[in-house]
Amino acid sequence: MFLALRELRAARGRFALMGAVVALIAALVGVVSGFTAGLGDDTVSALRALPADRIAFSAHAGTDFARSGVDPATAAGMAAAPGVRATPLGVTITRGTTRRGVPVDVAAFGVDPAGFLAPRGLTGDGVVVSRGLADDGVRVGDTLVIDRIGLRVPVVGVAGRAAYGHVPAAYVSLDTWEKIRASSGPREYSAVALKTGDRADVAALDRRFGTRTVARDAAFAAAPGYSGERITMNSILVFLYLIAPLVVGAFFAVWTVQRTPELALLRALGAARRRLLGHTMLQAALVVVGASAVGGALAAAVGAALGSAVPFSLPPGTLLGTVAAVSVAGLAGSALTLRRVTSPDPLTMLGANR
Amino acid sequence: MTVRTTADLALESVTVVHGTGAARTTVLDSLDLSFSPGRLTALVGPSGSGKSTLLAVAGALLRPASGRVLLGGEDVVPLSDARRACVRRERIGYMFQSGNLLPGLTALDQVLAIGHLNGRRVSGLRDAAAAALESVGLAHRAGHRPEQLSGGERQRVALARALVLEPAVLLVDEPTAAVDRSQAAGLAALLGDAVRGRGRTAVVATHDPAVVEAADEVVDMAALAGGQRPRP
């Protein structure tokens, strides 16, 4: 450690520059991760919050709530199946206006007020709004007006933060949801939410009712914009994770070439290869891990500064994972240069070779 | 030829060949040579006569084509690279013509570095390192980095580093090549002091008359190639 630290101190300018680059990459990874998670939450958190493990769609609709239609008989039949608890679910995005005249977008989730999907306090003619709508100024006791049909719905409660397709969720009864949906056809729900036990035969249910039942998380893909956002953000992350080791590797390659004479001297003085490798990896670890931690802190600061202005979510676990992943990527890059560390010829220290 | 048989460092029938084919050159040819403890031996001769090659072979830096290199009675030629590195750091002190010092490290840290390479606790070596610097007259420069030292001072730091762990053998390559006359004489005197009365075997390759003057024995590499013995 002695030599590694002395070298770091002697070349602190170069290592600080390298550290700054790694810190910025880590910060960028952290910020992009925060936006990825935030956008994801903003798209599917209402689905993730549903206390169900499966969703049954009509067979032709894939996992698209807008295209799916399940009749009441199917919902009742599923609820009667052994090992299954089932309740209808309606999902519709609409627009409304608060009592103070503020326009809001609303993802209306129609649920049975007595069923397992209903949030606390939901009544037959009221609405429980999620935290996002509360942030927009909707209060308990207000009346939310659904613009398209002029329906006035009293706000009876506020639930946790939940959104669907970047629109804050609001929970209403199935009857209210039917009015909001304003369909002229026979009564239909978007899907059926299921809680399945060991005895549940989901495939048999699908065959019997002509439905397509998927795990709850599989329904996320059909949420508006979800797949496209994930692909875009994850592509950026992949490139950042490719860039990080290349940048660190290039720095350590140049650093190793620059100190080839010193490495030859140390080899001539009898330094073991293992010690030189350890010495180099220690320097890399100190710079890369330290800089990644600084970058992580920067990303967290960015998240704190953004507040709720944009969808951003970087919980401590994700932040630590980001710092660890950038550290590993950077160390992998520095490891690419290790062969050069032990290759200088100690014989070059003698005679005219100098 | 065999000069002595009780030495710490001896070369037996050592042959070193450089190059291949038409460029093949025999630099050392079945050389037998031994060096006495407590004496400073100067290797002299024109460039290309094999002085540095002999140091490289004696210092376990270069494996000869044939022959034995005995260090304290142990042949170091067949040892693995890792073992030869261990021999270098534990039993031999080196001082090179140039490039001896690590950039950015103070004189004291340069001396401590050799302890670190040997797995010694640096904190336990500080007094010895300070004493080594004092022995070469550089106690007052302990906190200075290489770029703040003159050529002669850098060589003296290298000498302090070579001696701090009390190695059995000291190998020195052209120590005065990059220093002025006045500093060369002082460096030669320090080399003599580092050897005499300490039971250390020291070999120095040099062109410098001041160093030759300070040596106890002189080996003329050109003459050695012609079969002559070292002259006292």
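All figures in this text were calculated on a predicted structure; none of them were measured in a lab.

1. Some points on the sheet that holds strand β8 (residues 201–205) of chain B
All names here are of chain B.
- Sheet architecture is open: five strands sit in the order β6-β7-β8-β3-β9, paired in parallel fashion. Unpaired on one side and paired on the other, β6 (92–95) and β9 (217–220) mark the two borders of the sheet. Between one strand axis and the next, the sheet turns through 15° on average, direction left out of account.
- Pairing of β6 with strand β7 (residues 169–173), which is carried by four bridges, proceeds in the parallel orientation. Pairing of Ile92 across the sheet is with Val169, part of β7.

2. Description of the packing of helix α3 (residues 72–80) of chain A against helix α6 (residues 202–209) of chain A
Residues and elements named next belong to chain A.
- Across the interface, α3 lies against α6 with an axial gap of 11 Å and an inter-helix angle of 150°. Here α3 lies roughly antiparallel to α6, going by the angle between them. The interaxial crossing formed by α3 with α6 has right-handed handedness. Touching Thr74, Gly77 and Met78 of α3 are Leu205, Asp206 and Phe209, all from α6.
- Residues belonging to the contact of α3 with α6 are distributed by class as follows: three nonpolar, two polar and one charged.

3. So, the interface of chain B and chain A
- At the interface, 31 residues of chain B touch 23 residues of chain A.
- Here chain B packs against chain A, burying approximately 2,400 Å² in sum over the two surfaces, 67% of which is carbon and sulfur.
- By the criterion of area lost to chain A, the three top residues of chain B are B:Phe96, B:His116 and B:Leu117, representing 25% of everything that side buries.
- In this structure, the connection of chain B to chain A is made through two salt bridges.
- B:Asp109 is the salt-bridge partner of A:Arg9, the closest N and O atoms lying 3.8 Å from each other.
- When contributions to the side of chain B that touches chain A are tallied by element, the ones reaching two or more residues are α1 (51–58), α2 (81–91) and α3 (107–117) of chain B.
- The leading source of residues in the side of chain B that touches chain A is α3(B), at six residues.
- Of the residues in the side of chain B that touches chain A, the class split is 16 nonpolar, eight polar and seven charged.

4. Observations regarding the packing of aromatic side chains
All names here are of chain A.
- Overall, the coordinates contain eleven aromatic pairs over all chains when judged by the stated rule.
- Ring centres 5.0 Å apart and planes at 75° place the aromatic pair Phe15 and Trp255 in the edge-to-face group. Note that Phe15 is positioned in helix α2 (residues 12–48) and Trp255 in helix α7 (residues 226–258), a separation of 240 residues in sequence.
- Given the relative accessible area of 5%, Phe15 is considered buried.
- On the basis of relative accessible area, Trp255 is assigned to the buried category, the value being 6%.
- Where Phe109 meets Tyr164, the ring centres are 6.0 Å apart and the plane angle is 80°; that geometry is what we call edge-to-face.

5. Some remarks on helix α9 (residues 273–306) of chain A
- With 34 residues, α9(A) extends 49 Å between its outermost C-alpha atoms, agreeing within 8% with the 50 Å of an ideal straight helix rising 1.5 Å per residue.
- Directly after α9(A), the chain includes A:Gly307, whose backbone phi takes a positive value near 60°.

6. Side note on the domain arrangement of chain A
Residues and elements named next belong to chain A.
- Partitioning chain A into domains gives domain 1 (2–43 + 227–353) and domain 2 (47–220).
- Measuring from the centre of the C-alpha atoms in domain 1 to the corresponding centre in domain 2 gives 46 Å.
- Counting residues at the interface gives five residues for domain 1 and six residues for domain 2.
- By the criterion of area lost to domain 2, the three top residues of domain 1 are Asp41, Asp42 and Thr43, representing 74% of everything that side buries.
- Here domain 1 and domain 2 share one salt bridge between them.
- Close ionic contact of Arg48 with Asp41 constitutes a salt bridge, the shortest N to O distance being 2.7 Å.
- Linking domain 1 with domain 2 are five residue pairs in polar contact (both at pLDDT 80 or more), by the criterion used here.
- Take the side of domain 1 that touches domain 2: its biggest share by element is four residues, from α2.
- Partitioned by chemical class, the residues of the side of domain 1 that touches domain 2 number one nonpolar, one polar and three charged.

7. A few points about the pattern of salt bridges
All names here are of chain A.
- Tallied over the full model, the rule gives 20 salt bridges over all chains.
- Notably, a salt bridge pairs Asp135 with Arg161, separated by 2.8 Å at the nearest N-O pair. Taken together, the residues Asp135 in helix α4 (residues 131–135) and Arg161 in the loop between β6 (151–158) and β7 (163–164) connect sequence positions 26 residues apart.
- Taking relative accessible area as the criterion, Asp135 reaches 45% and is therefore assigned partly exposed.
- Arg161 sits in the exposed class, given a relative accessible area of 54%.

8. Remarks on the pairing of strand β3 (residues 40–44) of chain B
All names here are of chain B.
- Counting buried residues along β3, five of its five residues qualify, which places the element largely inside the surrounding structure.
- Because side chains alternate across β3, one face comprises the buried residues Leu40, Ala42 and Val44, and the other comprises Thr41 and Leu43, equally buried.
- Note that β3 and β8 share four bridges and pair parallel. Its bridge partner lying in β8, Thr41 is registered against Val203.
- Bridging between β3 and β9 involves four bridges; their strand directions are parallel. Residue pairing in the sheet places Thr41 in a bridge with Glu217 of β9.

9. A closer look at the environment of A:Ile231
- Position of A:Ile231 relative to the elements: it lies in helix α7.
- In sequence terms A:Ile231 and A:Thr36 are 195 residues apart; their C-alpha atoms lie 9.7 Å from each other.

10. Looking at the sheet that holds strand β4 (residues 66–71) of chain B
Residues and elements named next belong to chain B.
- The four strands are arranged β2-β1-β4-β5 in an open sheet whose pairing can be described as antiparallel. Lying at the two open borders of the sheet, with one neighbouring strand each, are β2 (25–35) and β5 (74–75).
- Where strand β1 (residues 9–18) and β2 come together, seven bridges link them in antiparallel fashion. Counted as the bridge partner of His18 is Thr25 from β2.

What counts, and where the lines are drawn
- Residues numbered from 1 in each chain as written.
- Chains lettered and ligands numbered in written order.
- Predicted model: local features only at pLDDT ≥ 70, side-chain atom pairs only at ≥ 80, totals over all residues.
- Heavy atoms only, no water.
- Pairing = 2+ DSSP bridges.
- Helix = DSSP H or I, 4+ residues; strand = E, 2+ residues; numbered from the N terminus.
- Axes fitted to C-alpha atoms, helices over the stretch in contact; angles between N-to-C directions.
- Parallel < 35°, antiparallel > 145°, perpendicular 65-115°, else oblique.
- Left-handed = near helix turned anticlockwise from the far one by under 90°.
- Contact = heavy atoms within 4.5 Å.
- Nonpolar A, V, L, I, M, F, W, Y, C, P; charged D, E, K, R; others polar.
- Buried area = accessible area lost by both parts, 1.4 Å probe.
- Salt bridge = Lys/Arg side-chain N within 4 Å of Asp/Glu carboxyl O.
- Phe/Tyr/Trp six-rings, centres within 6.5 Å; stacked < 30°, edge-to-face > 60°.
- Buried < 20%, exposed > 50% of the residue type's maximum accessible area, 1.4 Å probe, protein only.
- Expected span 1.5 Å × (residues − 1).
- Domains from an automatic or database assignment.
- Polar contact = N/O pair within 3.5 Å; in protein donor to acceptor, adjacent residues only side chain to side chain.

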